[in-house]
Amino acid sequence: MSKNSGPNKDNLEQTHKLFLSEAKKEFVKYGYADASTNRIVDNTGMARGSLYYHFGDKKGLFTQVYKSLLLDMAAHIEKAMTKEKTHWGALKAGCGCYIDLCLKKERRRIILESYAALDYHERLNVQKETLLRTLEETVKNAQQEGYFKNQDPMVISILIYGMISEAGRSFELFKKPKDIHDSLRQTAMDTLDKMAQ
């Protein structure tokens, strides 16, 4: 006989979400290296064992915060893509949306901190489960419309993701990121057009 999925399951989900919410604030404020699991535990009011149960350790917690962020971004991106009539239009809309989303400093901070917290393969695995999967599917669909002829869709996806993620991170270089946004976004779109020929 299977267990009921009542309050226990709900409590586990609520605890998980609470830890993610508090951890995100901690990583944004202090960065990965200076973030304290003690502060996170104190701010949740939960037992330290709950953190270990749900995430294993600080790195596991950060990985889930990063994944949660990318899943949230993917939802926004997919919504922007559905407004387009062609796969090529969807690809450009998705890339533009990623850059737009990076205007929010809290998002950029988590993305930047992922370089301190996770090695390349760990970041790539999270990206493959979230944004890269959507990007690769869209590139494959765009190929059916005649773009990126004879090119490996995964390689193209990684190159495009590298371009837009660097564009998003580059907002950190400016006191007023909105001032450079339009130019950065347009340059990314122009580069996509050239890559797709």
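The structure displayed is predicted, hence computed values, not measured ones.

A. Molecular detail of the packing of aromatic side chains. This model, assessed by the stated rule, comprises 8 aromatic pairs. Between phenylalanine 27 and phenylalanine 62, the aromatic rings sit 5.0 Å apart at their centres with planes inclined by 80 degrees, giving edge-to-face as the arrangement. With phenylalanine 27 in helix α1 (residues 7–34) and phenylalanine 62 in helix α4 (residues 58–81), the pair connects residues that are 35 residues apart, well separated along the chain. Taking relative accessible area as the criterion, phenylalanine 27 reaches 0% and is therefore assigned buried. The exposure class of phenylalanine 62 is buried, given its relative accessible area of 0%. With a centroid separation of 5.5 Å and 75 degrees between ring planes, the pair formed by tyrosine 32 and phenylalanine 62 is classed as edge-to-face. Of this pair, tyrosine 32 sits in helix α1 while phenylalanine 62 sits in helix α4, and the two are 30 residues apart along the sequence. Geometry around tyrosine 30 places arginine 39 over its ring, the cationic atom sitting 3.8 Å from the centre. The lysine or arginine in question, arginine 123, covers the ring of tyrosine 115, its NZ or CZ lying 4.0 Å from the ring centre.

B. Structural view of unusual backbone geometry. You will see that phenylalanine 148, though not glycine, has its phi angle at about 55 degrees, which is positive. Checked against the element boundaries, phenylalanine 148 lands in the loop between α8 (131–144) and α9 (153–169). Relative accessible area serves as the criterion here: at 0%, phenylalanine 148 is assigned to the buried category. Of note in the backbone geometry, asparagine 150 takes a positive phi value of approximately 55 degrees without being a glycine. You can call asparagine 150 exposed: its relative accessible area is 85%.

C. The arrangement of empty space enclosed by the protein in detail. Taken as a whole, this structure holds 1 cavity of 30 Å³ or more when the rule is applied. The volume enclosed by the largest cavity comes to roughly 120 Å³. The wall of the largest cavity is formed by 13 residues, among which Ile77, Gly94, Leu131, Leu135 and Ile164 lie closest to the centre. Sorting the residues of the lining of the largest cavity by element identifies α4, α5 (87–101), α8 and α9 as the ones contributing at least two each. The residue makeup of the lining of the largest cavity, split by class, is 10 nonpolar, 3 polar and no charged.

D. Broad picture of the side chain of threonine 37. Counting through the fold element by element, threonine 37 comes out in helix α2 (residues 37–44). Assessed through its relative accessible area of 18%, threonine 37 is described here as buried. At a separation of 3.4 Å, a polar atom in the side chain of threonine 37 contacts the side chain of arginine 48. Among residues more than four places away in sequence, those in contact with threonine 37 are Arg48, Leu51 and Lys58.

E. Broad picture of the confidence of the model for the protein. Of all residues in the protein, 95% have pLDDT values of 70 or greater, and the mean over the chain is 92. When mean pLDDT is taken per element in the protein, α5 scores highest with 97 and α1 scores lowest with 86. In the predicted structure, residues 1–8 sits below a pLDDT of 50 and forms 0 contacts with residues beyond four places in sequence or in another chain.

F. Spotlight on the environment of threonine 86. Within the secondary structure, threonine 86 sits in the loop between α4 and α5. What makes threonine 86 partly exposed here is its relative accessible area of 38%. Separated by 51 residues in the primary sequence, threonine 86 and glutamate 137 have C-alpha atoms spaced 13 Å apart. Side-chain polar atoms of threonine 86 contact the backbone nitrogen of glycine 89, separated by 2.9 Å.

Reading guide: rules and limits
- Residues numbered from 1 in each chain as written.
- Predicted model: local features only at pLDDT ≥ 70, side-chain atom pairs only at ≥ 80, totals over all residues.
- Heavy atoms only, no water.
- Phe/Tyr/Trp six-rings, centres within 6.5 Å; stacked < 30°, edge-to-face > 60°.
- Helix = DSSP H or I, 4+ residues; strand = E, 2+ residues; numbered from the N terminus.
- Buried < 20%, exposed > 50% of the residue type's maximum accessible area, 1.4 Å probe, protein only.
- Lys NZ or Arg CZ within 6 Å of the ring centre and 35° of its normal.
- 1 Å grid on protein atoms, 1.4 Å probe; cavity = no way out; pocket = protein on both sides within 12 Å on 5 of 7 lines; lining within 4 Å.
- Points joined across faces, edges and corners; volume = space filled by probe spheres on them.
- Nonpolar A, V, L, I, M, F, W, Y, C, P; charged D, E, K, R; others polar.
- Polar contact = N/O pair within 3.5 Å; in protein donor to acceptor, adjacent residues only side chain to side chain.
- Contact = heavy atoms within 4.5 Å.
- pLDDT = per-residue confidence, 0-100.

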